[in-house]
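Here is what each chain is made of, one letter per residue.
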Amino acid sequence: MAQTTDNYLSAQASDPVKMGWMQGFPPPKDKVLSVADGSFIQFPALRYSVVHMREFLPTVDVSPGLGAPSTLQTALDPAIDKVTFQPLNVSKPMSWAASLEKNYTDGMLILHRGRVVYERYFGALTSTRQHAVMSVTKSLTGTLAAMLVAEGKLDETKRVTDYLPELKNSAFGDATVRQVMDMTTALKFSEDYADPKAEVWQFSSAGNPFKPDGYKEPVGYYAYLQTVKKQGKHGEAFGYKTVNADALGWLVARTSGKSVVDLLSDRIWSKLGMEQAGYCQVDALGTPFAGGGFNAGLRDLARFGELIRNRGNYQGQQLIPAAAIDDIQKGGSREDFAKSGYPDLKGWSYRNMWWITHNAHGAFAARGVHGQTIYIDPVAEMVIVRLASHPVAANGANDPYSLPAYEAVANYLMKTSNK
């Protein structure tokens, strides 16, 4: 059952600017946030931290290059706020505008046929700031891997250990590259953020460069991957586990000779006329967090989404092989996905670390905890980017108010463009 926000401050009441986090010279003690005590990542402080991650954790840049930013044509449509939809499992309809507050939205941008038709900022986010995208990072990593597969540099049928012998004694030892890319590996790893004993927190501790007194091994993301145990049989069911993305990030680095952030910059970020550098959290060894450490501006994420919608083509340049995008869009096994237990995502699948809806429009999305989304609707020629700081990590808390809203806006844009 999806968690609700009944026990949390509302979006308005938890506005990070009004709450005054880290404001003052120096800030008052009750407004100071810290990595050491974990306060920076707890709601409502989270609403400030997602826009200031670089101030809490070491990061590396994803360079936009030295060229001038590309122009985003704008034709804002205020009527989008009045678009209504029926939330899942809720009796009353809701407006698009109301859904933004309901989902603790920090930034929302909609592209239609490449033009900005909607752009709003809330809380601590502005047009000049970057926001943590959490597991949207996985889709960036998955895109890089799909690109290398399409170019023949990474063989999806090979075992992970053909590239990473260091993982021979881990759960990844007998998994194929494709099973990692689609998260059909069988791993003893819980992704339940509500459970303080879940392995995802041990993984986070390994990647945290600030180790508490008494902390022992493993140190770093790669070291942790070597400790992951197997549970079950690979290739039988989808299981969402972040460590797959970091294993894939390692595969990308080993086969390309570049870290995921350098490859992302060289092949994509520096080619799209981005307005800002992105940046990515790293561990104590400088290894990028390929499963959730990326931060970027709202408009630049929209540029990336538009590149994907256009099958990797930007102004006549094929930055990503079209075959890689086609492979993402075709989706993975719906049967494998159905075993994972996502009641609001019936009929979906997962491919190359993208979420595939298989709806009438063939929409697919990059998704991250607390509400991060790049939602691409090929039929409606629409890209939606939402950045958020929802108090509940799991997207099951906001999906009932976002997924039908995205479809309603897609239908609205198609109708207005045909008039």
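Residues numbered from 1 in each chain as written. Predicted model: local features only at pLDDT ≥ 70, side-chain atom pairs only at ≥ 80, totals over all residues. Heavy atoms only, no water.

A count of helical and extended segments in the protein chain gives 13 helices and 15 strands. A compact globule built from 419 residues would reach a C-alpha radius of gyration of about 22 Å, and the protein chain, at 20 Å, matches this within 12%. Its C-alpha atoms give the protein chain principal-axis dimensions of roughly 60 × 55 × 50 Å. Pairs at least 24 residues apart make up 67% of the contacts formed inside the protein chain by residues separated by at least 6 positions. Put simply, the protein chain shows about 17,600 Å² of open surface, and 50% of that area lies on carbon and sulfur atoms. Distance between charge centres in the protein chain, computed from 43 positive and 41 negative side chains, equals 2 Å. (Helix = DSSP H or I, 4+ residues; strand = E, 2+ residues; numbered from the N terminus. Rg over C-alpha atoms; globule rule 2.2 N^0.38 Å. Contact = heavy atoms within 4.5 Å. Areas by Shrake-Rupley, 256 points an atom, 1.4 Å probe, with all protein chains shown as cover. Lys, Arg positive; Asp, Glu negative; His and termini not counted. Charge placed at Lys NZ, Arg CZ, Asp CG, Glu CD.)

Let us look at the packing of aromatic side chains. According to the stated counting rule, one finds 28 aromatic pairs in the structure shown. Ring centres of F238 and Y350 lie 4.7 Å apart, and the angle between their planes is 40°; this geometry places the pair in the tilted category. Of the two residues, F238 sits in the loop between α7 (221–225) and α8 (242–256) while Y350 sits in strand β11 (residues 349–351), which places them 112 residues apart along the sequence. Of the two residues, F238 and Y350, both sit in the buried class. Judged by centre distance (5.1 Å) and plane angle (80°), the ring pair of Y350 and W355 falls under edge-to-face. A relative accessible area of 4% places W355 in the buried class. (Phe/Tyr/Trp six-rings, centres within 6.5 Å; stacked < 30°, edge-to-face > 60°. Buried < 20%, exposed > 50% of the residue type's maximum accessible area, 1.4 Å probe, protein only.)

The end-to-end C-alpha distance of helix α4 (residues 136–150), which contains 15 residues, comes to 21 Å, matching closely the 21 Å that a straight helix rising 1.5 Å per residue would cover. In the stretch just after α4, G152 is the one whose phi turns positive, near 80°. (Expected span 1.5 Å × (residues − 1).)

Our focus in this paragraph is the sheet that holds strand β4 (residues 105–112). The antiparallel open sheet is built from 7 strands, whose spatial order is β5-β4-β15-β14-β13-β12-β11. Two strands close off the open sheet at either side, each with one partner strand: β5 (115–121) and β11. The sheet shows a mean angle of 20° between the axes of neighbouring strands, taken without regard to direction. Two elements, β11 and strand β12 (residues 354–356), share 3 bridges in a ladder whose sense is antiparallel. Each bridged residue has a counterpart across the sheet, and for R351 the counterpart in β12 is W354. (Pairing = 2+ DSSP bridges. Axes fitted to C-alpha atoms, helices over the stretch in contact; angles between N-to-C directions.)

This part covers the environment of T105. As for its placement among the helices and strands, T105 is situated in strand β4. T105 gets classed as buried once you look at its relative accessible area, which sits at 4%. C-alpha separation for the pair T105 and Y121, spaced 16 residues apart in sequence, amounts to 8.1 Å. Excluding anything up to four places from it in sequence, T105 contacts R47, L100, F122, R386, L387 and A388. Among the polar contacts made by the side chain of T105, one reaches the main-chain carbonyl oxygen of L100 at a distance of 3.0 Å. (Polar contact = N/O pair within 3.5 Å; in protein donor to acceptor, adjacent residues only side chain to side chain.)

Before going further, it helps to examine the pairing of strand β13 (residues 364–368). Taken across its 5 residues, β13 has 5 buried, putting it largely inside the fold. Relative to β13, β12 is paired through 2 bridges, and the arrangement is antiparallel. Bridge assignment links I356 to a residue of β13, and that residue is F364. Bridge count for β13 against strand β14 (residues 372–377) is 5 bridges, and the pairing is antiparallel. Each residue of the ladder has a partner; that of A365, found in β14, is Y375. In textbook terms, the turn of a hairpin is the stretch between consecutive antiparallel strands, and for β13 and β14 this stretch comprises 3 residues, one of which, H370, has a positive phi near 70°.

Our next topic: helix α6 (residues 199–207). Regarding α6, the residues found buried are E199, V200, F203, A206 and G207. Down the axis of α6, the sector holding all buried residues measures 115°, keeping them to one side. Against α7 and α8 lie the buried residues of α6. (Arc of directions from axis to C-beta.)

Bringing the pattern of salt bridges into the picture now. With the rule as written, the count across this model stands at 23 salt bridges. Note that R311 and D326 form a salt bridge whose closest N and O atoms lie 2.8 Å from each other. Of the two residues, R311 sits in the loop between α10 (298–309) and β9 (313–314) while D326 sits in helix α11 (residues 322–330), which places them 15 residues apart along the sequence. Looking at R311, the relative accessible area reads 38%, which means it is partly exposed. One continuous salt-bridge network, built from bridges that share partners, spans E156, R178, D182, D327, K330 and R351. (Salt bridge = Lys/Arg side-chain N within 4 Å of Asp/Glu carboxyl O.)

Honestly, it's all geometry; don't read function into it.
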